[in-house]
Amino acid sequence: TPYEEEMALCDYLADYLTKAYLTDEAEEAEKKAKAAEEKAKADIVAVKDDPFAGFKAMSKKDDQDEVYFGKGKKGKGGKKAGKPKPKKASKPVTFSLNLDLFDQFGMLSLNPPTSLDAVSTSVDELKAKKQWYSEQPRGSVPTARDLRKANGKAASNNGQSKGVNSRGKNKGNFDIT
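Residues numbered from 1 in each chain as written. Predicted model: local features only at pLDDT ≥ 70, side-chain atom pairs only at ≥ 80, totals over all residues. Heavy atoms only, no water.

Focus: the pattern of salt bridges
So the rule is basically this: Within this document, salt bridges are pairs made up of a side-chain nitrogen of Lys or Arg and a carboxyl oxygen of Asp or Glu, the two lying within 4 Å of each other. Runs of H or I in DSSP of at least four residues are treated as helices and runs of E of at least two as strands, each being numbered from the N terminus. The buried label goes to any residue with under 20% of its type's maximum accessible area, the exposed label to any with over 50%, and the partly exposed label to all in between, with areas taken from a 1.4 Å probe on protein chains only.
Inspection of every chain in the model, using the stated rule, returns 2 salt bridges. Arg148 is paired through a salt bridge with Glu5; the nearest N and O atoms lie 2.9 Å apart. With Arg148 in helix H6 (residues 144-159) and Glu5 in helix H1 (residues 4-22), this residue pair connects regions lying 143 residues apart in the sequence. A relative accessible area of 36% means that Glu5 is categorised as partly exposed. Residues Asp11 and Lys130 are paired through a salt bridge, measuring 2.9 Å at the closest nitrogen-oxygen approach. Residue Asp11 is found in helix H1, and its partner Lys130 is found in helix H5 (residues 119-135); the two are separated by 119 residues along the sequence. We classify Lys130 as partly exposed; its relative accessible area is 29%.

Right, dumping it as structure tokens:
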């Protein structure tokens, strides 16, 4: 198909907007945890005649050495029991897009979403634009490569203006007269 790059860009933008703003992070984390748990259950093999059946796992931390060697110096306080930190409530998702995304929407001749409410409609527009690109014959629409070339030429023309500086002398030429 002639417009594969544009269709891939539509897919990328739709996936990004969906993952960043339309899916709930808690649901995604829960799905991943369930998948990991199911995989772990599948990997467990029952052990027969376990030689470590009566042992208890312990960690090597300095504060547990007190159990074996006494309290140590006076004034050296033990581990202080801290209050359990309350879990942070999930923050409302803030909506922001970087300039590259604006440029990519411009390459597709679409308007980027400007608020969180407009994200779902923008995803639908991206899917429709991908379908539209798949139906276009070769050469009927300028490709993303053509647009980049045109933008590059326009930027180089603006940057290399052979103009004269404010005093009327040529740029880059140093002349003492």
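A word on unusual backbone geometry
One non-glycine residue, Ser109, lies in positive phi territory at about 60°. Within the secondary structure, Ser109 is located in the loop between helix H4 (99-107) and H5. A residue is classified by how much of its surface remains accessible, and Ser109, at 60% relative accessible area, is exposed.

Considering the nonpolar core
Quick note on the threshold: Definition used in this section: a nonpolar core is a set of buried Ala, Val, Leu, Ile, Met, Phe, Trp, Tyr and Cys residues joined via side-chain atoms within 4.5 Å.
Counting 18 residues, the largest nonpolar core has Leu13, Leu17, Phe105, Leu108, Leu126 and Tyr133 as its most contacted members. Elements that contribute at least two residues to this core include exactly H1, H4 and H5. Here the element with the most residues in this core is H1; it accounts for 7 residues.

Here we look at the environment of Cys10
The test is simple: Residue contacts are defined here by distance: any two heavy atoms, one from each residue, within 4.5 Å place the two residues in contact.
Relative to the helices and strands, Cys10 is located in helix H1. For Cys10, a relative accessible area of 1% corresponds to the buried category. Linking Cys10 and Lys127, residues 117 residues apart in sequence, is a C-alpha distance of 6.8 Å. Contact partners of Cys10, with chain neighbours within four places excluded, come to Leu108, Leu126, Lys129 and Lys130.

Looking at the confidence of the model for the protein chain
Heads up, the condition is: Here pLDDT means the predictor's own confidence in every residue, given as a number from 0 to 100.
The predicted model of the protein chain has a mean per-residue pLDDT of 76, with 68% of residues at 70 or higher. Across the protein chain, H5 holds the top mean pLDDT of 92, while helix H3 (residues 66-69) sits lowest at 55.

Observations regarding H5
Here is the rule we go by: One less than the residue count of a helix, multiplied by 1.5 Å, gives the span that helix is expected to have. Our arc is simply the arc of the directions from the helix axis toward the C-beta atoms.
For H5, which comprises 17 residues, the first-to-last C-alpha distance of 25 Å matches the rise-based estimate of 24 Å (1.5 Å per residue) to within 8%. Turning to H5, its buried residues number three or more, namely Val119, Ser122, Val123, Leu126, Lys129 and Tyr133. Angular distribution of buried residues about the axis of H5 spans 120°; they occupy a single face of the element. Exposed residues lying more than 90 degrees from the buried face of H5 are Asp124, Lys127 and Glu135.

With respect to the packing of aromatic side chains
Quick reminder of the rule: Planes of paired rings set the category: under 30 degrees apart is stacked, over 60 is edge-to-face and the rest tilted, where pairs are Phe, Tyr or Trp rings (Trp by its six-membered ring) whose centres lie within 6.5 Å. Any Lys NZ or Arg CZ that is within 6 Å of a ring centre and within 35 degrees of that ring's normal is treated as a charge sitting over the ring.
Inspection of the entire model under this criterion finds 3 aromatic pairs. Seen from their ring centres, Tyr16 and Tyr21 are 6.4 Å apart, and the 90° between their planes marks the pair as edge-to-face. A relative accessible area of 11% means that Tyr21 is categorised as buried. A ring pair is formed by Trp132 and Tyr133, whose centres lie 5.2 Å apart and whose planes are at 65°; its orientation type is edge-to-face. The class for Tyr133 is buried, based on a relative accessible area of 4%. By the ring-pair criterion, three or more aromatic residues cluster together here, those being Tyr3, Trp132 and Tyr133. Cation over ring: Lys129 sits above Trp132, and NZ or CZ is 4.6 Å from the ring centre.

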